[in-house]
Protein chains: 2
Amino acid sequence: MSSTLPPLANKLGGLRSSAIRDLLKLTARPDIIGLAGGLPDAELMPRERLAAAADAALSHRGCLQYTESAGWGPLREVLAARESTRIGREVPLAEVFVTHGSQQALSLLAEVLLDPGALVIVEDPAYVGALQVFRAAGARIVAVPLDRDGLRLDVLTDLLAKGERPAFVHTVSNFHNPGGVTMSAQRRRELAELAERHGFWVIEDDPYGELWFDSPAPEPVAAHSRNVIRLSSSSKIISPALRVGWMVAPDEVCRGVELLKQGADLCGSALTQQIAADLLADRVWLAAHVDTVRGAYGSRAKALVHAFREHLGHRANCTDAAGGMFVWADFTDGTDTQAVLPRALDNGVAYVPGAAFAVDTDYRNSMRMCFTTSDEATLTEAIVRLARAVG
Amino acid sequence: MSSTLPPLANKLGGLRSSAIRDLLKLTARPDIIGLAGGLPDAELMPRERLAAAADAALSHRGCLQYTESAGWGPLREVLAARESTRIGREVPLAEVFVTHGSQQALSLLAEVLLDPGALVIVEDPAYVGALQVFRAAGARIVAVPLDRDGLRLDVLTDLLAKGERPAFVHTVSNFHNPGGVTMSAQRRRELAELAERHGFWVIEDDPYGELWFDSPAPEPVAAHSRNVIRLSSSSKIISPALRVGWMVAPDEVCRGVELLKQGADLCGSALTQQIAADLLADRVWLAAHVDTVRGAYGSRAKALVHAFREHLGHRANCTDAAGGMFVWADFTDGTDTQAVLPRALDNGVAYVPGAAFAVDTDYRNSMRMCFTTSDEATLTEAIVRLARAVG
C-alpha cells in the first residue's frame, strides 16, 4: 500500500467546523448545565404520535419507494394549505418544495441564487449555519446589525443608497437565533418594498415562528412580496429526525432547486415525509401539541430571563424571550464572554460567547443562552453559577 | 407586487433535468410495459420488518433528536463490521460515513476531491447521476469505455501514459448501471495499482454488489488499495425510503465530507438510521431477505435475456444479467434505438435509448432495460412488443 494518499480539493483548507460544534464537544460534561446547545427538547417531541404515524405509513408499500425530488405530493398539499393560511394568499403546489431540513434549502438556494462573488446580506449576529453556506459558495458577505426590532433597515437602506446590490438578504425574522429578537411588522413591509424596488431576494428563514409565548409574531415578510423565499421546518415543532423542512418560493426558484436536489441526494425519505404529512395535517392535535411546547419553553425562558435580570441585570441586558429557543445578553460592564468561559465551565455552566456569531461586530461582551432543555430550577441555578463566574 | 422577480444564478442555464426523468414522465402509461425505469421492486421491500424496526426505534426518545453529521454511532458500527468483512481488513469507525443515499456521497465527494477544472474519468456508458454531479462541479470529464470485463484499463493506461492525471476515476464495479457488466478480479487489482502509482482516487460506487444471481462479484477494488473510496447503500437491498447510503474512505476524506455535510443538511435522520441499523445488524434475517430479492430479480433477468435472445438475438447482443437491475443491449444491424422509441411506445413497451448514458461514444444502437418491477411473463411480452417495434 502507498503511504501517501491523493490530494483533496484546495478549498477544504478554507473550511472549518463551526466553533459552536467544537465548543459543545468540550462542554458535554454531566456536571455542566448546558445553555450552549441549540437543540429542541426531545422530551417534548410527540413520540407516541410519531409511532402511530410510522405504523400507519408502513401499513402500505407507498412509503418504501424513492419519492419525487420536490417532495411527496400529499405532504406538499398539506404544506401548501398551511402556508396559504400563514402568508395570506393561495400558495400553489408548484411553489412548495420539501427539503432535508431548512439547512438544505439554504445550501441549494446558495447555488441557485449566487453567482461567484455575489453580495449576500446577513444579520449580525448571524445564524452560523447560513453564514457557513454563503461563505462556502464564495459570496461577498456584508452584515447588517440587529436591534430590538430586528434587522436595522436604516443600515440596509444606506448600503443600497451607496450602490450595493445584494443577490439576497437572509433574515431569521422570528425569535432570532442567536439574537432573540423579532422583526417588527413595519420593518417587514419596508424590507419587502426595498426588495422589490432594488430587485433582490429575501430569504425569510423561519424555523421558530410557531414557538411564540405570549402573542404570535407579525405576518411573514413573505406576505408582502413575491421576492421573498420563505423557509420553515418541522424540526422545532415536531422532531428534527424527520428531516422535513420546506420552502415556499416562485416556481422558477423551485425548479432550480429541484435540478440541484437531484444531484445533491435525488430525493427525501418517502417514509418520514408521510409521517410528517400525517402529523401536520392533524390540525387539532398539532395545535394542542405546539401549545404544550410553547407553554414549556415559555416557562423556561421566563425563568432564565428572570434569574438573569435578578443576578446580572445591573451589568447586562438580555432579550425578553418572547419565543423561539434563545436569549441573547449584552454585558455593559466590559465583561469578555470568551475570556470568562473557562471560569463558567469551572462553575458548571456553559454558554456560547457572542464572538461565535459575529460577522462585522465582535460581540465580545455578548452571549447566547438556550433555555429549551432544562427545567426552571436548573436554569435558575445556571444563572447563579454564571453570576459567580463573572464575579 | 412587482411583476419581475430578481435573477437566478447564471450556472442554472447550464443545468438540465436528466433525459431519463423526462422520458419516464412520457412513458408512465398503464398500457406500456416499463423497462425504462430504474427502481427496485417495492413489493420485495421488507415492509413488516421495517414496521417492527420503526416501532422499536420509536419506543425510545433517542431516535427523535438531531444526530451526528457522520451518522448515528451504532449504525456506523454495524457498517464498519459489515464493510470489514467485505473489504477484508479492519475498517475503523472514523472511516465510515453515513450519507443520504450514495448520491449524496457523490455530490459531497465532488466538492471534497475536485478543484475547478480537475479531470474526472467516468465509464462510458455512464451512471448519469454521477455524471451530472461531476459536470456541475466544473470537472473536465473524460470517458473510458466498458467491455465485458468492465472499465477498459488499456484505454485508461493510454490516457495516463499521455500525461492525463485524474483527481479520481468513478466506477460502478458490480452489475453496472446501465452497462450490466462487472469488473473482473484482475482489473480490480490493476486499477488499484494504477491509482497508487499515479496518485489518483478511485470512487467505487457499489449499490448493486449484493444483488448477484449465480455467484458473488469479485472482492471490491477497495480491498486492494487505500486510494479507493467505497460507496454502498441500503436502497437496493432494503428500501430507498431510508435514504441510508454509506462511504468507506480514509479519515481525511471523511472529515472533509463531514464539514460539507454540516452545510449541506446538518445530519441525516436518526429515525431512519436506527431502522437501518436494526435491519443491517440482523444478519440471519438480512441474508434470507437479500436471497429472496436475488431469486426474484434473477428469474426476471433470465426471462428477459432469454426472450431477448430468442426474438432479437439475430440482430442484437445483450449482457448476461449476472446481477443488479439492468440488461444492456447493442443492436448490430444499425437499429437506432432513439428513432425506434416512439414505435416501441405505440407497441406498448418503453426502454431507455443508449444515447441517454453516452459520454464520448453515441450508443445510438444500444438500450438499457430494467427487469426489476415486472414478472417473467410480462417481461417476455415486453420483448415480443419490442421485436415488433424494431420490425
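Note that this is a predicted model, so its numbers are computed, not measured.

For the rest of this paragraph, the subject is the packing of helix H4 (residues 101–113) of chain A against helix H5 (residues 128–136) of chain A. Residue and element names in this part refer to chain A. As a packed pair, H4 and H5 sit with axes 9 Å apart at the nearest point and diverge in direction by 25 degrees. One element, H4, and the other, H5, form an angle in the roughly parallel class. Relative to H5, H4 is oriented so that their crossing is right-handed. Every residue of H5 that contacts H4 at Gln103, Leu106, Ser107 and Ala110 is listed here: Gly129, Ala130, Val133 and Phe134. When the residues that make up the contact of H4 with H5 are grouped by side-chain class, the tally is five nonpolar, three polar and no charged.

Met369 of chain A together with Met369 of chain B are the most contacted members of the largest nonpolar core, which has 216 residues in total. Discounting residues that sit within four places of it in the chain, Met369 of chain A has contacts with Leu35, Leu304, Phe308, Met325, Phe326, Val327, Ala329, Tyr351, Ile383 and Leu386 of chain A.

All right, on to the state of the cysteines then. Residues and elements named next belong to chain A. Applying the stated criterion to the full structure yields zero disulfides over all chains. Between Cys370, a cysteine without a disulfide, and Cys318, which holds the nearest cysteine sulfur, the sulfur-to-sulfur distance is 14 Å. When its relative accessible area of 3% is taken as the criterion, Cys370 is described as buried.

A common way to express how large an interface is: the accessible area buried when the components associate. Facing 74 residues of chain B, the contacting portion of chain A comprises 74 residues. For the pair chain B and chain A, the two sides together bury roughly 6,700 Å², of which 59% comes from carbon and sulfur. Considering only the side of chain B, the residues that lose the most area to chain A are Arg47, Arg61 and Tyr66 of chain B, jointly responsible for 10% of the buried surface there. Scanning the region where chain B abuts chain A turns up four salt bridges. Here Lys11 of chain B ties to Glu111 of chain A by a salt bridge, and the two come within 2.8 Å at their closest N and O atoms. Those elements that place two or more of their residues in the side of chain B that touches chain A are helix H2 (47–57), helix H4 (101–113), helix H8 (251–265) and helix H9 (270–281) of chain B. Along the lines of polarity and charge, the residues of the side of chain B that touches chain A split into 37 nonpolar, 23 polar and 14 charged.

Once that is clear, we can look at the relation of the copies chain B and chain A. Two chain copies, one operation linking them: a rotation about an axis together with a shift along it. Placing chain B over chain A gives an RMSD of 0.0 Å and needs a rotation angle of 180 degrees, together with 0.0 Å of translation along the axis. Both copies of the chain, as the preceding transformation shows, are related through a two-fold rotation axis. Mapped onto chain A, 100% of the interface residues of chain B again fall at the interface, so both copies present the same surface.

On to the UniProt feature "domain: Aminotransferase class I/classII large" (unreviewed entry) in chain A. Per the UniProt record, "domain: Aminotransferase class I/classII large" (unreviewed entry) is annotated on residues 31–386 of chain A. Split by type, residues 31–386 of chain A is 42% helix and 17% strand. Its first and last C-alpha atoms lie 14 Å apart.

Let's shift gears to the pattern of salt bridges. All names here are of chain A. Summed over the entire model, instances satisfying the criterion amount to 52 salt bridges over all chains. Two residues, Arg86 and Asp206, come together in a salt bridge whose shortest N-O distance is 3.3 Å. With Arg86 in helix H3 (residues 73–87) and Asp206 in the loop between strand E7 (201–205) and strand E8 (228–233), this residue pair connects regions lying 120 residues apart in the sequence. Linked through salt bridges whose partners overlap, the residues forming this network are Glu83, Arg86, Asp206 and Arg230.

Adjacent strands of a sheet pair through backbone hydrogen bonds, lying either parallel or antiparallel. Residues and elements named next belong to chain A. Spatially, E10-E11-E14-E13 is the arrangement adopted by the four strands of the open sheet, whose pairing is antiparallel. If you trace the sheet from one side to the other, it starts and ends with strand E10 (316–318) and strand E13 (352–353), each paired once. Where E10 meets strand E11 (residues 326–331), three bridges bridge the pair, whose relative direction is antiparallel. Opposite Ala316, over in E11, you have Phe331 as the bridge partner. Lying over the sheet, helix H10 (residues 283–312) contacts E10, E11 and strand E14 (366–370), oriented at roughly 165 degrees with respect to E10.

Residues and elements named next belong to chain B. Of the two faces of strand E6 (residues 168–171), the one lined by Phe168 and His170 and the one lined by Val169 and Thr171 are each fully buried. Sheet analysis places strand E3 (residues 119–124) next to E6, joined by two bridges and oriented parallel. Its bridge partner lying in E6, Val120 is registered against Phe168. Pairing analysis gives four bridges linking E6 to strand E7 (residues 201–205), with the strands arranged parallel.

The next point concerns the domain arrangement of chain A. Residues and elements named next belong to chain A. Each assigned domain of chain A is listed with its residue range as follows: domain 1 (10–38 + 287–390) and domain 2 (60–281). Using only C-alpha atoms to locate each centre, domain 1 and domain 2 end up separated by 25 Å. With 31 residues of domain 1 in contact, the opposing surface of domain 2 contributes 29 residues. Summed over both partners, the interface of domain 1 with domain 2 comes to about 2,300 Å²; 60% of that surface belongs to carbon and sulfur atoms.

So, how was this worked out
Note that residues are indexed from 1 along each chain, following the sequence as it is written. Following the order in which they are written, the chains are lettered starting with A and the ligands numbered starting with 1. Residue-level local features of this predicted model are given only where pLDDT is at least 70; pairs of side-chain atoms are given and counted only at 80 or more, and the full residue set underlies all totals for whole chains, interfaces and linings. Note that water and hydrogens are dropped before the side-chain values are worked out from all heavy atoms of the structure. What counts as an axis is a line fitted to C-alpha atoms, over the stretch in contact for a helix, and the angles between N-to-C directions run from 0 to 180 degrees. Per the convention used, a helix needs a DSSP run of H or I reaching at least four residues, while a strand needs a run of E reaching at least two, with both numbered from the N terminus. Throughout this description, any angle smaller than 35 degrees is read as roughly parallel, any larger than 145 degrees as roughly antiparallel, any in the 65 to 115 degree range as roughly perpendicular, and the remainder as oblique. Put simply, a crossing is left-handed when the front helix is turned counterclockwise from the back one by less than a right angle, and right-handed when it is turned clockwise. Residue contacts follow a heavy-atom distance rule, with two residues in contact if any of their heavy atoms lie within 4.5 Å. Here the nonpolar group is Ala, Val, Leu, Ile, Met, Phe, Trp, Tyr, Cys and Pro; Asp, Glu, Lys and Arg are the charged ones; every other residue, Gly included, is treated as polar. In this description, a nonpolar core means a group of buried Ala, Val, Leu, Ile, Met, Phe, Trp, Tyr and Cys residues linked to one another through side-chain atoms lying within 4.5 Å. Categorising residues by exposure relies on relative accessible area from a 1.4 Å probe, with only protein chains included: less than 20% of the type maximum marks a residue as buried, more than 50% marks it as exposed, and the intermediate range marks it as partly exposed. The rule for a disulfide is simple: a pair of cysteine sulfur atoms within 2.5 Å. For any pair of parts, buried area is found by adding up, for both, the accessible area (1.4 Å probe) each one loses once the two are put together. What makes a salt bridge here is a side-chain nitrogen of Lys or Arg within 4 Å of a carboxyl oxygen of Asp or Glu, nothing more. A least-squares fit on C-alpha atoms brings the copies together, and the residues used are those whose pLDDT is at least 70 in both copies. UniProt positions are given in the numbering used here, feature names are shortened, and annotations may be inferred rather than shown by experiment. We treat two strands as partners when DSSP finds at least two bridges between them. Where each domain starts and ends follows an automatic or database-derived domain assignment.

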